[in-house]
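Close look at the chain arrangement
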Amino acid sequence: MGIAGTLYIFGIDGGGTGCRVAVCDQTGTRLGETSGGPANFSTDHTSTIANVRAAITKIASDFGIAETDLNTSVARIGLAGILTDTDAAAMAGALPFAKSVVTDDRDTSLAGALGSADGVLAAIGTGTFVAARSKGAVRYFGGWGLNLSDQASGAWLGRKALRQTVLAEDGLVPHSDLTHALLARTTDLPGMVDFARDASPADFGALARDVIDAAASGDKNARHVVQKGADYL
């Protein structure tokens, strides 16, 4: 690859809930993996850089990889929220590697799921997107962040359930066990407004399991929210 010295190959994946770093040696033999904090670049680029760097430092320590070895290594990075070439360059420039290729996580997720084959991928986590490849042509749907996209994601489910709680408290739909429980988390609607104002996608996503479990138990508000997500997908 034209890079002198000890060479490792890093693969890095990140989204609203956390990031993962895997490392291989020059032969492609996988040495191991570690995880770190949230890494959605558009949500918080400063924390994303810090969390990814911390995970790299941890895995380097775990496997005795020196800083000088990182400086001669390469990385392929797919992160939620990398939307422009400027974003990618900023992320690459913050990392210690000799060469870093940075894109959003749609490219890397599609490659990981399908390799070079045709098919369709629905990636549903804190955020969501759907990707399709046919005869070499690739099409992406969604993946533009919670404010404009990410329907059916964990973050979307949590926020949608809070909106349903507001409707119930205003008397526009009947309350249910789920909406009562969500309201109790913040005591009242002003408390819920305070939570929602500062909540990250990961904060909203932390409510998704409660929504899914309530829907499985037949809770009408939960089933309404989950059905809306399913209809979108």
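Presented here is a report on the structure given in the accompanying data block. Keep in mind that what you see is a predicted model, and the values were worked out from it rather than measured.

Brief notes about the sheet that holds strand β5 (residues 99-103)
Ordered in space as β3-β2-β1-β4-β5, the five strands form an open sheet in which the pairing is mixed. Strand pairing shows two members of the sheet lacking a second neighbour, β3 (30-36) and β5, which therefore form its edges. The mean angle between the axes of side-by-side strands here comes to 15°, regardless of whether they run parallel or antiparallel. Two elements, strand β1 (residues 9-14) and strand β2 (residues 19-24), share six bridges in a ladder whose sense is antiparallel.

Brief notes about the packing of helix α5 (residues 154-169) against helix α10 (residues 220-232)
Where α5 meets α10, the axes come as close as 10 Å, and the angle between the chain directions of the two elements is 135°. Overall, the two elements α5 and α10 adopt an arrangement that is oblique. Regarding α5 and α10, the two cross each other, and that crossing is right-handed. Counted together, Trp156, Leu157, Lys160, Ala161 and Gln164 of α5 and Asn221, His224, Val225, Val226, Lys228 and Gly229 of α10 form the full contact between these two elements.

Regarding the environment of threonine 84
Checked against the element boundaries, threonine 84 lands in the loop between β4 (74-79) and α3 (85-93). Owing to a relative accessible area of 39%, threonine 84 belongs among the partly exposed residues under this scheme. For the pair threonine 84 and alanine 94, spaced 10 residues apart in sequence, the C-alpha to C-alpha distance is 16 Å.

Describing the pattern of salt bridges
Enumeration according to the criterion identifies eight salt bridges in this entry. A salt bridge links aspartate 62 to lysine 58; its shortest N-O distance comes to 3.1 Å. Residue aspartate 62 and its partner lysine 58 are located together in helix α1 (residues 45-62), separated by four residues, close to a single helical turn. Take lysine 58: its relative accessible area is 42%, and that puts it in the partly exposed class. For arginine 197, the salt bridge goes to aspartate 198, with nearest N and O atoms at 3.4 Å. Summarising the burial analysis for this pair, arginine 197 and aspartate 198 share the class exposed. Salt bridges linked by common partners bring Asp194, Arg197 and Asp198 together as one network.

Basis of the calculations
Residues numbered from 1 in each chain as written. Predicted model: local features only at pLDDT ≥ 70, side-chain atom pairs only at ≥ 80, totals over all residues. Heavy atoms only, no water. Pairing = 2+ DSSP bridges. Helix = DSSP H or I, 4+ residues; strand = E, 2+ residues; numbered from the N terminus. Axes fitted to C-alpha atoms, helices over the stretch in contact; angles between N-to-C directions. Parallel < 35°, antiparallel > 145°, perpendicular 65-115°, else oblique. Left-handed = near helix turned anticlockwise from the far one by under 90°. Contact = heavy atoms within 4.5 Å. Buried < 20%, exposed > 50% of the residue type's maximum accessible area, 1.4 Å probe, protein only. Salt bridge = Lys/Arg side-chain N within 4 Å of Asp/Glu carboxyl O.

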